[in-house]
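Working through the structure, step by step
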Amino acid sequence: MKPFILLDPGHGGIINGVYQTPGKRSPLWSNGSQLFEGECNRAITQGISQALTLRGIENKIIVPELEDISLPTRVRRANHVATQHPEHQCLLISVHANAGGGSGFEIYTSRGQTNSDIIADHLTHAFTQVFPNKPLRCDYSDGDSDKERGFYMLRKTHMAAVLTENFFMDNEVECYLILMSAKGRQKIIDYHVRGILAWVKEEKGKQ
Ligand SMILES: [Zn+2]
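For every chain, the first residue of the written sequence is number 1, and numbering continues from 1 onward in sequence order. Where local features are concerned, this predicted model is filtered to residues with pLDDT of at least 70; where side-chain atom pairs are given and counted, the filter is 80 or more; whole-chain, interface and lining totals use all residues. Computation of side-chain values covers all heavy atoms of the structure but excludes hydrogens and water.

The protein chain is annotated in an unreviewed UniProt entry as N-acetylmuramoyl-L-alanine amidase of Photobacterium phosphoreum. The UniProt entry for the protein chain carries the following comment under Catalytic activity (unreviewed entry): "Hydrolyzes the link between N-acetylmuramoyl residues and L-amino acid residues in certain cell-wall glycopeptides." UniProt positions are given in the numbering used here, feature names are shortened, and annotations may be inferred rather than shown by experiment.

Right, dumping it as structure tokens:
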């Protein structure tokens, strides 16, 4: 089956200077700058979408608007695309930035052994290639490199689905050097694209 990648930028964007999501932002740094997670998630999903399109891989950003669309609506949109494309193998990637003190990359999949674990392993491997010196926050308790949590998007979508937490916006170094920089954002895009391409290759090999 042909792959179809669904991209979900977490939270809302900025409309007329007003950020659409309460919280979900970095501290106000000493130079007056601040990161709004939903803006960053949009920049990254757009970069992933462009790179996939250039490689002939069908994809869709399920929240193209700047409003913070509810989780049930996001899930409905993703499942609707899957229903409309029965000849495709759909994969959902929800893109976020982390907070709460820490550093590095985390990835979550739907519970249990599912196809989500395969893409999670590819994304994790791609992360370690692009950021060899950055921590990968793992829970190996079930043998997988992802932590399993009942995230709504992951529980309710009818397809392989993962949620990436890309660095910590309340970590000043990661926020400045990675999340707020064009170069850093490009590297985040790069490991997503590498991971997706590896997954596509593996799925093709099974046919
Ligand atoms: Zn988030």
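Now, onward.
**So, helix α3 (residues 116–130)**
Working definition: helices are DSSP H or I runs of at least four residues, strands are E runs of at least two. Numbering for both runs from the N terminus. Helix span is expected to be 1.5 Å times the residue number reduced by one. End to end, α3 covers 21 Å across 15 residues, agreeing with the expected 21 Å (1.5 Å per residue, within 8%). Considered for burial, the residues of α3 that qualify are Ser 116, Asp 117, Ile 119, Ala 120, His 122, Leu 123, Thr 124, Ala 126, Phe 127 and Val 130. Lining the buried residues of α3 we find β5 (88–98), β6 (105–109), β8 (160–168) and α6 (182–205). Exposed residues in this analysis have more than 50% of their type's maximum accessible area, buried residues have under 20%, and partly exposed residues fall in between, with area computed by a 1.4 Å probe over protein chains only. Residue contacts are defined here by distance: any two heavy atoms, one from each residue, within 4.5 Å place the two residues in contact.

**Topic: the coordination of the zinc ion**
A donor here means an N, O or S atom no more than 2.8 Å from the metal, or no more than 3.2 Å when the metal is Na, K or Ca. Since water is not included, a site may seem to lack partners. Every protein donor of the zinc ion is accounted for by His 11 (NE2), Glu 37 (OE), Glu 37 (OE) and His 96 (ND1), and the metal-donor separations fall at 2.1 to 2.7 Å. The coordination sphere of the zinc ion comprises four donor atoms, whose angles at the metal cover 51 to 145°; the geometry is irregular. Geometry is assigned from donor-metal-donor angles: four donors are tetrahedral when every angle falls between 85 and 135 degrees, four are square planar and six octahedral when opposite donors sit over 155 degrees apart with all other angles between 65 and 115, and any other arrangement is irregular.

**Comments concerning the pattern of salt bridges**
In what follows, salt bridge is the name for a side-chain nitrogen of Lys or Arg lying within 4 Å of a carboxyl oxygen of Asp or Glu. The tally for this structure, following the rule as stated, stands at seven salt bridges. For Arg 77, the salt bridge identified is with Glu 65, shortest N-O distance 2.9 Å. Of this pair, Arg 77 sits in helix α2 (residues 71–84) while Glu 65 sits in the loop between β4 (58–61) and α2; the two residues are twelve residues apart in sequence, bridging distant segments of the chain. Through salt bridges with shared partners, a single ionic network connects Asp 8, Asp 68 and Arg 74.

**Section: helix α1 (residues 37–54)**
With 18 residues, α1 should reach 26 Å at 1.5 Å per residue; the first-to-last C-alpha distance of 26 Å fits that figure. All buried positions along α1 are accounted for by Glu 37, Gly 38, Cys 40, Asn 41, Arg 42, Ile 44, Thr 45, Gly 47, Ile 48, Ser 49, Ala 51 and Leu 52. Where the residues of α1 are buried, they touch β1 (2–9), β3 (18–19), β4, β5, α5 (172–179) and α6. Downstream of α1 by one or two residues, Gly 56 has phi in the positive range, about 75°.

**Details of the packing of α1 against α6**
Every angle, taken between N-to-C directions, lies between 0 and 180 degrees, and every axis is a line fitted to C-alpha atoms, over only the stretch in contact when it is a helix. Axis separation between α1 and α6 bottoms out at 9 Å; the angle between their running directions is 50°. Viewed along their axes, α1 and α6 adopt a mutual orientation that is oblique. Crossing geometry of α1 relative to α6 is assigned as right-handed. Here α1 contributes Glu 39, Cys 40, Ala 43, Ile 44, Gly 47, Ile 48, Ala 51 and Leu 52 to the contact with α6, which in turn contributes Arg 185, Ile 188, Ile 189, His 192, Val 193 and Ile 196. Polar here means any residue other than Ala, Val, Leu, Ile, Met, Phe, Trp, Tyr, Cys and Pro, which are nonpolar, and Asp, Glu, Lys and Arg, which are charged; Gly is therefore polar. Split by residue class, the contact of α1 with α6 holds ten nonpolar, two polar and two charged. Every angle not falling under 35 degrees, over 145, or within 65 to 115 is termed oblique; those three ranges are roughly parallel, roughly antiparallel and roughly perpendicular. By convention, the crossing between two helices is left-handed when the near helix turns anticlockwise from the far helix through less than a right angle, and right-handed when the turn is clockwise.

**Topic: the nonpolar core**
Here, the term nonpolar core denotes a set of buried Ala, Val, Leu, Ile, Met, Phe, Trp, Tyr and Cys residues that are joined through side-chain atoms within 4.5 Å. In this structure, Ile 5, Ile 48, Ile 93, Phe 167, Leu 179 and Tyr 191 are the most contacted members of the largest nonpolar core, which totals 38 residues. Of all elements in the fold, only β1, α1, β5, β6, α3, β8, α5 and α6 reach the threshold of two or more residues within this core. It is α6 that provides the largest number of residues to this core, a total of seven residues. The next biggest cluster of nonpolar side chains, apart from the first, holds 17 residues, and it includes Phe 4, Leu 154, Met 159 and Leu 163.

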